[in-house]
Amino acid sequence: MPKQIKTEEIPKDVRRNRAFAVFAMLASFSLGALLLAIMSFLNKDKDPNVALGIGFFAAFAAFLVLTAMHLASGIIVYHKRENYSVLFSSIGSGISAFSALINTRFALALLCSSLGAEGTARKIVGGVSFATFMANQQTAWKLLLFSMVLSMFVGFFASLRLILKK
């Protein structure tokens, strides 16, 4: 009689952690697409329409929440199982969550601007124009773009591990 190869099931908490990484990757893709659409409006010195502004803020909030949840889930899994791969991927998501927190002012100002509340948007950015504010925030933007790519890599490898059941 041939021997059967038994595969171990992925524990629920590890599977949940990887699912958070995959969802954060999807949020990162949508945030990137909406960011490109927003930039085309800002380069023409136009305010983005309401749907685009709300969509961008929703994708930004989803990216922030999902990366923070992936970080918290990874810390919990590490304490239970001492799984270093989960911990290190979650640290990557922690970097992404931190960079999203740094860029919260821009996301809020963009939402207010798209909703027509220019005075509130100007207060959020400190009374300067968006072009000046964006020029001052170049480092934060680069960190956000890096963290979006990092989140895509973490999510890609988490999805591979889910598919391969490892």
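In the block above lies the structure referred to throughout.
None of the values given here were measured: they were computed from a predicted structure.

About the cut-offs
- Residues numbered from 1 in each chain as written.
- Predicted model: local features only at pLDDT ≥ 70, side-chain atom pairs only at ≥ 80, totals over all residues.
- Heavy atoms only, no water.
- Salt bridge = Lys/Arg side-chain N within 4 Å of Asp/Glu carboxyl O.
- Helix = DSSP H or I, 4+ residues; strand = E, 2+ residues; numbered from the N terminus.
- Buried < 20%, exposed > 50% of the residue type's maximum accessible area, 1.4 Å probe, protein only.
- Patch = residues over 30% accessible without salt bridge, like charges linked within 9 Å, V, L, I, M, F, W, Y side chains within 5 Å.
- Areas by Shrake-Rupley, 256 points an atom, 1.4 Å probe, with all protein chains shown as cover.
- Lys, Arg positive; Asp, Glu negative; His and termini not counted.
- Charge placed at Lys NZ, Arg CZ, Asp CG, Glu CD.

Asker: Now, about the pattern of salt bridges: what can you tell me, with residues and values included?
Answerer: By the definition in use, this model includes one salt bridge. With its nearest N and O atoms 3.0 Å apart, the salt bridge here joins Arg81 to Asp13. With Arg81 in helix α2 (residues 50–81) and Asp13 in helix α1 (residues 12–43), the pair connects residues that are 68 residues apart, well separated along the chain. Assessed through its relative accessible area of 8%, Asp13 is described here as buried.

Asker: Residue-level account of a positive patch on the surface, with values.
Answerer: A contiguous patch of positive charge, built from Lys12, Arg15, Arg16 and Lys80, is present on the exposed surface. If you tally residues by element for the positive patch, the top one is α1, at three residues. Tracing the chain through its elements places Arg16 in helix α1. For Arg16, a relative accessible area of 46% gives the class partly exposed.

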